[in-house]
Amino acid sequence: MENKNNKSPRRKKRKAPLVLLVLLVLLLVGVFWVRGEIKGGPLGEPLTVTVEKGSGTAGIASSLKDAGLIKSEALFRLYSRLTKADGSYQYGDFSIPEGSGYKAIIEVLRSTVSFKDTVTVTFPEGYNAFQMAEVLEKSGLCTAEDFLTAADSLDYDYDFLKEVSADKRKLITLDGFLFPDTYSFYPDDTAEEIVSAMLGNFERKILTEEWKAALKESRFSLEEAIIFASIIQKESANVEEMYNVSSVFHNRMENDSEYPMLQSCTTNNYFWDYIEPYYNNKVPQNIVDAYDTYGKKGLPVGAIANPGVDAANAALHPNDTPYYFFVTDVEYTHYYGKTYAEHQQNIKKAEAVNRQHGIEGLITK
């Protein structure tokens, strides 16, 4: 018998294509909005934004939004992080045209503004934390003790510091990561703010994508590469020699059965000039061993200087040479040797040059 209540089932309409189309449209709109937000638009009247001293990127993004310069705090924070602008912002009152893009905004916020006096200091490549501390104290920015205390801490908001050890045998924890450069600081900047600025500069100048890729392919950790670069910096008279000096030490590390020690005189100099005075000439044996490159294999426990970009590059890109020895004369000529016998001959050559300048024996830097 036929059941009249049974009706033919209706075919459901397919909504999936419509939903996907809507999502695609929303995605495209989002992409164009993000691009427009970052790029900016027609410039309007200057707007004033105040950045309080000690403000982080989140606080700055909030101030920019309140001033009407950006629409998304989260997007600005992400852009700032990806462009490595975090930690480089100045504080004070800034005049920024309405409609400015993120790049222009960041350039203004990172500039040393003229309404407030600054103190400019220069740290040459190869300076260690003690030398930097002396420069800062002479400039009146902070005491040497305050700077060294700030530089002996890992309490800074940089991800790369997770790869830096807190080994107690290190004389100054952050030596090697205090990027040598010319800086302008405010007279009331704290030692911690000065160190933070130097760490931010290290991140921008050294930790490029290219350098990090080369590091990944190398035998080194980040800290080992910087320790090695600090030795190259101190051993080399110029950029060209950095790559040759690097090759000598690479050859030794790759053939440590025959040449197990780095034997860098610059590590001895650091020990005599800074470690011994620090411990009043009563250096614990574990500290002696930690910085010894003549009596033990491998790198010292910490950097002996703060290297520049060239030394950092040379550490990962040595020249291809057969050398295991080098010596330098007073005119900063480098003599390279493949064997110990060649090295002895080169020492005589260097000593002969030194003698012409009234110096007996070899020089140490």
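Since the model is a prediction, treat every value here as computed from it, not as a measurement.

What counts as what
- Residues numbered from 1 in each chain as written.
- Predicted model: local features only at pLDDT ≥ 70, side-chain atom pairs only at ≥ 80, totals over all residues.
- Heavy atoms only, no water.
- Helix = DSSP H or I, 4+ residues; strand = E, 2+ residues; numbered from the N terminus.
- Buried < 20%, exposed > 50% of the residue type's maximum accessible area, 1.4 Å probe, protein only.
- Arc of directions from axis to C-beta.
- Contact = heavy atoms within 4.5 Å.
- Phe/Tyr/Trp six-rings, centres within 6.5 Å; stacked < 30°, edge-to-face > 60°.
- Lys NZ or Arg CZ within 6 Å of the ring centre and 35° of its normal.
- Axes fitted to C-alpha atoms, helices over the stretch in contact; angles between N-to-C directions.
- Parallel < 35°, antiparallel > 145°, perpendicular 65-115°, else oblique.
- Left-handed = near helix turned anticlockwise from the far one by under 90°.
- Nonpolar A, V, L, I, M, F, W, Y, C, P; charged D, E, K, R; others polar.
- Core = buried A, V, L, I, M, F, W, Y, C linked by side-chain atoms within 4.5 Å.
- Pairing = 2+ DSSP bridges.
- Salt bridge = Lys/Arg side-chain N within 4 Å of Asp/Glu carboxyl O.

(A) Summary view of unusual backbone geometry. Although it is not a glycine, Lys-84 sits at a positive phi angle of roughly 60°. Inspection of the secondary structure assignment puts Lys-84 in the loop between α3 (73–82) and β2 (92–97). Look at Lys-84 and you get buried, because its relative accessible area is 18%. Here the phi dihedral of Asn-280 falls at roughly 55°; this positive angle occurs in a residue that is not glycine. Here Asn-280 is to be found in the loop between α11 (265–278) and α12 (285–291).

(B) The arrangement of helix α2 (residues 57–66) in detail. Listed as buried for α2 are Thr-57, Ile-60, Ala-61 and Leu-64. For α2, the buried positions fall inside an angular range of 100° around the axis, keeping them on one side. As for α2, its buried residues are in contact with β1 (46–51), α3, β2 and α4 (102–110). The positive-phi residue at the C-terminal boundary of α2 is Gly-68, with phi of around 85°.

(C) Spatial organisation of the environment of Glu-134. Along the chain, Glu-134 falls in helix α5 (residues 129–139). Taking relative accessible area as the criterion, Glu-134 reaches 43% and is therefore assigned partly exposed. Remark: the alpha-carbon pair of Glu-134 and Ala-144, spanning 10 residues in sequence, is separated by 5.8 Å.

(D) Representation of the packing of aromatic side chains. Counted under the stated rule, the structure contains 22 aromatic pairs. Look at Phe-177 and Phe-202: their rings are 5.2 Å apart centre to centre, the planes differ by 65°, and that puts the pair in the edge-to-face class. Within this pair, whereas Phe-177 is found in the loop between α6 (144–151) and β4 (182–185), its partner Phe-202 is found in helix α7 (residues 191–205), the two being separated by 25 residues in sequence. Of the two residues examined, Phe-177 and Phe-202, each falls in the buried class. A ring pair is formed by Tyr-259 and Phe-325, whose centres lie 5.4 Å apart and whose planes are at 90°; its orientation type is edge-to-face. Here Tyr-259, found in the loop between α10 (239–254) and α11, pairs with Phe-325, found in strand β5 (residues 325–328); they are 66 residues apart in sequence, far enough to count as distant. Grouping aromatic residues by their ring pairs yields a cluster made of Phe-130, Tyr-270, Tyr-274, Tyr-278, Tyr-279 and Tyr-291. The cationic tip of Arg-252 hangs over the ring face of Phe-325; the distance from NZ or CZ to the ring centre is 4.9 Å.

(E) Main features of the packing of α3 against α4. At their nearest, the axes of α3 and α4 sit 11 Å apart, and the two run at 70° to each other. It follows that α3 is roughly perpendicular to α4 by the angle criterion. The chirality of how α3 crosses α4 is right-handed. Residue-level inspection shows Leu-75, Phe-76, Tyr-79 and Ser-80 of α3 in contact with α4, the latter providing Tyr-102, Lys-103, Ile-105 and Ile-106. Partitioning the contact of α3 with α4 into residue classes produces six nonpolar, one polar and one charged.

(F) A look at the nonpolar core. Phe-147, Phe-160, Leu-178, Val-195, Leu-199 and Trp-211 are the most contacted members of the largest nonpolar core, which totals 72 residues. Residues Val-49, Ile-60, Leu-64 and Leu-69 belong to the second largest nonpolar core, which totals 19 residues.

(G) Inspection of the pairing of β5 at higher detail. Side chains Phe-325 and Val-327 of β5 all project onto a buried face; the interleaved residues Phe-326 and Thr-328 project onto the opposite face, where all are buried too. Pairing geometry for β5 and strand β6 (residues 334–337), over four bridges, is antiparallel. Within β6, the position partnered with Phe-326 by the bridge is Tyr-336.

(H) Geometry of the pattern of salt bridges. The tally for this structure, following the rule as stated, stands at nine salt bridges. Note that Lys-138 is salt-bridged to Glu-134, the shortest N-O span being 3.2 Å. Of this pair, Lys-138 and Glu-134 both sit in helix α5, four residues apart, which is roughly one turn of the helix. Exposure remark for Lys-138: the relative accessible area of 68% places this residue in the exposed category. The residue Glu-223 makes a salt bridge to Lys-170 at a minimum N-O spacing of 2.6 Å. With Glu-223 in helix α9 (residues 222–235) and Lys-170 in the loop between α6 and β4, the pair connects residues that are 53 residues apart, well separated along the chain. There is no split in this pair, since Glu-223 and Lys-170 are both buried. The network of salt bridges with common partners includes Lys-53, Asp-188 and Glu-193.

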